[in-house]
Amino acid sequence: MGNYAKKWLSNWMKEQNILEGIVAEVLEIPPESLSAETEDKLDSDDLLRLCAYLHVRPESIPLRY
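Residues numbered from 1 in each chain as written. Predicted model: local features only at pLDDT ≥ 70, side-chain atom pairs only at ≥ 80, totals over all residues. Heavy atoms only, no water.

1. Topic: the nonpolar core
And then number 1: Counting residues in hydrophobic clusters, the biggest one holds 16 residues, and the most contacted among them are Leu9, Leu34, Leu47, Leu50 and Ile61.
And then number 2: Within the residue set of this core, elements represented by two or more residues are α1 (2–15), α2 (20–27) and α4 (44–54).
And then number 3: When sequence neighbours within four positions are dropped, the list of residues in contact with Leu9 reads Leu47, Leu50, Cys51, Leu54, Val56 and Ile61. (Core = buried A, V, L, I, M, F, W, Y, C linked by side-chain atoms within 4.5 Å. Buried < 20%, exposed > 50% of the residue type's maximum accessible area, 1.4 Å probe, protein only. Helix = DSSP H or I, 4+ residues; strand = E, 2+ residues; numbered from the N terminus. Contact = heavy atoms within 4.5 Å.)

2. As for the environment of Ser60
And then number 1: As for its position among the elements, Ser60 is in the segment after α4.
And then number 2: A relative accessible area of 42% means that Ser60 is categorised as partly exposed.
And then number 3: Spatially, the C-alpha atoms of Ser60 and Val23 are 20 Å apart, while their sequence positions differ by 37 residues.
And then number 4: One polar contact links the side chain of Ser60 to the main-chain carbonyl oxygen of Arg57, over a distance of 2.6 Å. (Polar contact = N/O pair within 3.5 Å; in protein donor to acceptor, adjacent residues only side chain to side chain.)

The values reported here are purely geometric and, on their own, carry no functional implication.
Below, the structure written as structure tokens:
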């Protein structure tokens, strides 16, 4: 899943007009970890916290994006 989930969530947040910087600050995640433009990995704990915060079911994220 790796970067595909991060890229999908990043694009989903842009479509919903949710600012990555604010989400990163609230969840105390490095902003570059949320950006689709970087190669930084988003670890599984942060991914699940992000999904919970955004009310997105992790299983709804496509395996390939």
